[in-house]
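These are the residues of each chain, in order.
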Amino acid sequence: GESVGLHLPTLSVQEGDNSIINCAYSNSASDYFIWYKQESGKGPQFIIDIRSNMDKRQGQRVTVLLNKTVKHLSLQIAATQPGDSAVYFCAENRSTGFQKLVFGTGTRLLVSP
Amino acid sequence: EAGVAQSPRYKIIEKRQSVAFWCNPISGHATLYWYQQILGQGPKLLIQFQNNGVVDDSQLPKDRFSAERLKGVDSTLKIQPAKLEDSAVYLCASSLDVTGADTQYFGPGTRLTVL
């Protein structure tokens, strides 16, 4: 069936490095994508989003890239910090008219000092 | 601005017992969501309200799960009777509106353990 998935379950980086977290999706009709960060014991926290009519969007230290040709989404974190350690989820909106998010299984980012 | 509030934070029950979770969304948010997050997985939508009406409950196991949002603000999610596989974190989220690009804000969740 259609799903949102991640290529790497765990990503380990050194503090100061750039991190790239990848996500594959299969529903070409999805029009909106979001990255969430979830720390242990907390709910998901919105990081950045992108609409399907864009291919890149930048925030503070984060960039999301969308490649609709290959149905791929990535989150780039610049100068990764220990506080970035968390599980990152991509989610896609599959419904028209109202928002219905389908989340991937997540990638754990471990940042070493 | 206060975030989404949930209680209790933790609950341990035995199978076949009933349990209820409470959620208070961000003030002014019309849309409220309940998600189930099993350990190691992403959140899965259970039910979605717009004010006090149900927008989508297609993934809610209606034989044992129920939810209500009577006055269009607070919401409760109930499980009766609970099964072992209901052990999960139950997350509540809210957004200003129900349209496609409205940001959902999540509460801290209630961790349910069914023994």
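Okay, so let's go over this structure.

Conventions adopted
Residues numbered from 1 in each chain as written. Chains lettered and ligands numbered in written order. Predicted model: local features only at pLDDT ≥ 70, side-chain atom pairs only at ≥ 80, totals over all residues. Heavy atoms only, no water. Core = buried A, V, L, I, M, F, W, Y, C linked by side-chain atoms within 4.5 Å. Buried < 20%, exposed > 50% of the residue type's maximum accessible area, 1.4 Å probe, protein only. Helix = DSSP H or I, 4+ residues; strand = E, 2+ residues; numbered from the N terminus. Contact = heavy atoms within 4.5 Å. Buried area = accessible area lost by both parts, 1.4 Å probe. Salt bridge = Lys/Arg side-chain N within 4 Å of Asp/Glu carboxyl O. Polar contact = N/O pair within 3.5 Å; in protein donor to acceptor, adjacent residues only side chain to side chain. Pairing = 2+ DSSP bridges. Axes fitted to C-alpha atoms, helices over the stretch in contact; angles between N-to-C directions. 1 Å grid on protein atoms, 1.4 Å probe; cavity = no way out; pocket = protein on both sides within 12 Å on 5 of 7 lines; lining within 4 Å. Points joined across faces, edges and corners; volume = space filled by probe spheres on them. Disulfide = S-S within 2.5 Å.

## Brief notes about the nonpolar core
Judged by nonpolar contacts, the single largest core of 21 residues is most densely connected at F21, W34, L77, I79, Y90 and L112 of chain B. If you list the elements that add at least two residues to this core, you get strand 3 (19-24), strand 4 (31-37), strand 5 (44-50), strand 8 (75-79), strand 9 (88-95) and strand 11 (110-114) of chain B. Those residues in contact with Y90 of chain B that lie beyond four places of it in its chain are Q6, F21, Y35, Q36, L46, F65, L77, I79, G109, T110 and L112 of chain B. V62, V64, A86 and L109 of chain A belong to the second-largest nonpolar core, a separate cluster that totals 20 residues.

## Brief notes about the interface of chain B and chain A
It is common to give the size of an interface as the accessible area lost on bringing the parts into contact. At the junction of the two partners, chain B supplies 25 residues and chain A supplies 19 residues. Taking both partners together, chain B and chain A bury about 1600 Å²; carbon and sulfur atoms supply 51% of that area. The tally of links from chain B across to chain A stands at 1 salt bridge. Its salt-bridge partner being K100 of chain A, residue D56 of chain B comes within 3.1 Å of it at the nearest N-O pair. At the junction of chain B and chain A, the tally comes to 8 residue pairs in polar contact (both at pLDDT 80 or more). Counting residues per element, the ones that place at least two in the side of chain B that touches chain A are strand 4, strand 5 and strand 6 (53-56) of chain B. No other element matches the 3 residues that strand 4 of chain B contributes to the side of chain B that touches chain A.

## A few points about the sheet that holds strand 3 of chain B
Residues and elements named next belong to chain B. Strand order across the open sheet formed by 4 strands is 1-3-8-7, with antiparallel pairing between neighbours. Of all the strands in the sheet, just strand 1 (5-7) and strand 7 (65-68) have a single pairing partner and so form its edges. Strand-to-strand, the axes of this sheet are offset by a mean angle of 15°, without reference to chain direction. Taken together, the 5 bridges between strand 3 and strand 8 define a ladder with antiparallel strand orientation. Across the sheet, residue C23 finds its bridge partner in strand 8, namely S75.

## Things to note about the layout of surface pockets
Considered as a void within the structure, the largest pocket measures approximately 480 Å³ in volume. The wall of the largest pocket is formed by 25 residues, among which Q38 and R108 of chain A together with Q37, L39 and R111 of chain B lie closest to the centre. Where the lining of the largest pocket is concerned, the elements lending two or more residues are strand 9 (86-93) and strand 11 (107-112) of chain A together with strand 9 of chain B. Per element, the largest residue contribution to the lining of the largest pocket is 3 residues, and it comes from strand 9 of chain A.

## Some details on the pairing of strand 3 of chain B
Residue and element names in this part refer to chain B. Here strand 3 shows a buried face lined by V19, F21 and C23 and an unburied face lined by A20, W22 and N24. In this sheet, strand 3 lies alongside strand 1 in antiparallel orientation, the contact comprising 3 bridges. Paired with Q6 across the bridge in strand 3 is C23.

## Observations concerning the side chain of S75 of chain B
Residue and element names in this part refer to chain B. Structurally, the position occupied by S75 is in strand 8. Take S75: its relative accessible area is 1%, and that puts it in the buried class. At 2.9 Å, the side chain of S75 and the backbone oxygen of E68 are in polar contact. Residues contacting S75, with those up to four places away along its chain left out, are F21, W22, C23, L32, W34, F49, E68 and R69.

## So, the state of the cysteines
On inspection of all chains with the given rule, the structure shows 2 disulfides over all chains. Two residues share a disulfide in this structure: C23 of chain A and C90 of chain A, whose sulfurs sit 1.9 Å from each other. Taking the sign of the torsion about the S-S bond as the criterion, the disulfide between C23 of chain A and C90 of chain A, at about 50°, is right-handed. In this pair, C23 of chain A is assigned in strand 3 (residues 19-25) and C90 of chain A in strand 9, connecting sequence segments 67 residues apart. Using a relative accessible area of 1% as the deciding quantity, one classes C23 of chain A as buried. Bridging C23 of chain B to C92 of chain B, the disulfide has an S-S length of 1.9 Å. Classification of the bridge connecting C23 of chain B and C92 of chain B rests on its S-S torsion, roughly -70°, and on that basis the disulfide is left-handed. Here C92 of chain B lies in strand 9 and C23 of chain B lies in strand 3, a separation of 69 residues in the sequence. The buried category is assigned to C23 of chain B, whose relative accessible area is 0%.

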